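Residue strings, one per chain:
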Amino acid sequence: TQLLEQSPQFLSIQEGENLTVYCNSSSVFSSLQWYRQEPGEGPVLLVTVVTGGEVKKLKRLTFQFGDARKDSSLHITAAQPGDTGLYLCAGPLINFGNEKLTFGTGTRLTIIP
Amino acid sequence: ETGVTQTPRHLVMGMTNKKSLKCEQHLGHNAMYWYKQSAKKPLELMFVYSLEERVENNSVPSRFSPECPNSSHLFLHLHTLQPEDSALYLCASSPRQGEGYTFGSGTRLTVV
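From a predicted model like this one, the values you see are computed outputs, not experimental measurements. (Residues numbered from 1 in each chain as written. Chains lettered and ligands numbered in written order. Predicted model: local features only at pLDDT ≥ 70, side-chain atom pairs only at ≥ 80, totals over all residues. Heavy atoms only, no water.)

Engineer: Break down the overall build of chain A for me, with residues and values.
Structural biologist: Assigned secondary structure in chain A consists of zero helices and eleven strands. Counting helices and strands in the order they occur from the N terminus, chain A gives β-β-β-β-β-β-β-β-β-β-β. Relative to the globule expectation of 13 Å for 113 residues, the C-alpha radius of gyration of chain A, 14 Å, shows essentially globular dimensions. In terms of overall dimensions, chain A has a C-alpha envelope of 45 × 30 × 20 Å along the principal axes. Approximately 5,500 Å² of chain A is accessible, and the part contributed by carbon and sulfur atoms is 51%. On chain A, the mean spot of the 9 positive side-chain charges and the mean spot of the 10 negative ones are 4 Å from each other. (Helix = DSSP H or I, 4+ residues; strand = E, 2+ residues; numbered from the N terminus. Rg over C-alpha atoms; globule rule 2.2 N^0.38 Å. Areas by Shrake-Rupley, 256 points an atom, 1.4 Å probe, with all protein chains shown as cover. Lys, Arg positive; Asp, Glu negative; His and termini not counted. Charge placed at Lys NZ, Arg CZ, Asp CG, Glu CD.)

Engineer: Describe the interface of chain A and chain B, with residues and values.
Structural biologist: Residue-level contacts link 20 residues of chain A with 19 residues of chain B. For the pairing of chain A and chain B, the buried interface totals around 1,500 Å² over both sides, and the portion due to carbon and sulfur atoms is 48%. On inspection of chain A and its partner chain B, the count reaches one salt bridge. Residue R9 of chain B is joined to E41 of chain A by a salt bridge in which the shortest nitrogen-to-oxygen separation is 3.7 Å. Taken together, the links from chain A to chain B amount to seven residue pairs in polar contact (both at pLDDT 80 or more). Broken down by secondary-structure element, the contributors of at least two residues to the side of chain A that touches chain B are β4 (32-37), β9 (85-95) and β10 (98-103) of chain A. Class assignment for the residues of the side of chain A that touches chain B results in eight nonpolar, nine polar and three charged. (Contact = heavy atoms within 4.5 Å. Buried area = accessible area lost by both parts, 1.4 Å probe. Salt bridge = Lys/Arg side-chain N within 4 Å of Asp/Glu carboxyl O. Polar contact = N/O pair within 3.5 Å; in protein donor to acceptor, adjacent residues only side chain to side chain. Nonpolar A, V, L, I, M, F, W, Y, C, P; charged D, E, K, R; others polar.)

Engineer: Go over the pairing of strand β3 (residues 19-24) of chain A with me, naming the residues and quoting the values.
Structural biologist: Residues and elements named next belong to chain A. On β3, burial follows the alternation: L19, V21 and C23 on one face are buried, whereas T20, Y22 and N24 on the facing-out side are not. Sheet topology note: the β3/strand β8 (residues 71-76) ladder contains six bridges and is antiparallel. From the neighbouring strand, C23 faces β8, where its bridge partner is S72. (Buried < 20%, exposed > 50% of the residue type's maximum accessible area, 1.4 Å probe, protein only. Pairing = 2+ DSSP bridges.)

Engineer: Tell me about the state of the cysteines, and please be specific about residues and values.
Structural biologist: All names here are of chain A. A full pass over the atoms with the stated rule returns two disulfides over all chains. Bridging C23 to C89, the disulfide has an S-S length of 2.1 Å. One disulfide, between C23 and C89, carries an S-S torsion of 75 degrees and so falls in the right-handed class. Linking C23 in strand β3 with C89 in strand β9, this pair joins segments that are 66 residues apart in sequence. (Disulfide = S-S within 2.5 Å.)

Engineer: I'd like a rundown of the packing of aromatic side chains, residues and numbers included.
Structural biologist: Residue and element names in this part refer to chain B. Throughout the structure, instances matching the rule amount to eleven aromatic pairs over all chains. Plain terms: the ring middles of Y35 and Y101 are 6.1 Å apart, the flat faces sit at 55 degrees to each other, and that makes the pair tilted. Here Y35 is found in strand β4 (residues 31-37), whereas its partner Y101 is found in the loop between β9 (87-94) and β10 (102-103), with 66 residues between them in sequence. By relative accessible area, which is 1% here, Y35 ends up buried. (Phe/Tyr/Trp six-rings, centres within 6.5 Å; stacked < 30°, edge-to-face > 60°.)

Engineer: Any chance you could break down the sheet that holds strand β7 (residues 64-70) of chain B for me, citing the residues and the numbers?
Structural biologist: Each strand in a sheet pairs with another by means of backbone hydrogen bonds, the pair being arranged parallel or else antiparallel. Residues and elements named next belong to chain B. Spatially, four strands are ordered β1-β3-β8-β7 in an open sheet, and the strand pairing comes out antiparallel. Two strands lie at the open edges of the sheet, namely β1 (4-7) and β7, each paired on one side alone. The mean inter-strand angle of the sheet, taken between neighbouring strand axes irrespective of direction, is 20 degrees. Where β7 and strand β8 (residues 73-79) come together, five bridges link them in antiparallel fashion. Within the sheet, the bridge partner assigned to S65 lies in β8 and is H77. (Axes fitted to C-alpha atoms, helices over the stretch in contact; angles between N-to-C directions.)

This is the structure we're talking about:
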């Protein structure tokens, strides 16, 4: 069972369009992080959301943390080819006193010029 | 150098070979991690080191052996791997466990 489910798994849209991707869980997280991974590279941290209902903006990217802290969304306005990549959400889990990040299944986004 | 550096970027090895992956960070982070990324699968945590001590081994086969000689370096020693071990191996570090990770670019491993 995957703790963090992301949808859609794949998304391909035209440049200039808007899109939203989702990260859902049945568990409550103290925070959620979003990463973008480009081909041949490691994931890069985009943002961390901490408070239920929090909204953070990073240029054309808007991140929202659900009120119950079980889900998050990423909205991209006027998508550009540079937004292409694998988008991963991640949340901390505590296991036997150690805290570690668990990653979602990912959304592979392709922006067509 | 800043960030997390992994070497080599690409590695092809036979099933009887012994090789090592290297990871180096100069961010002053206290936690370091090895992850495996296979096609169509989520990132799989392999090992966690906190303050140079291994705090988690996520049921990884013994043909993978980590080593953390100091807070800046992490190795993954490989021995008698199987073709299904072919994947992208990512190293990451964080100020403390569970906080935002800085990843390296990964080592693309192919076992033949």
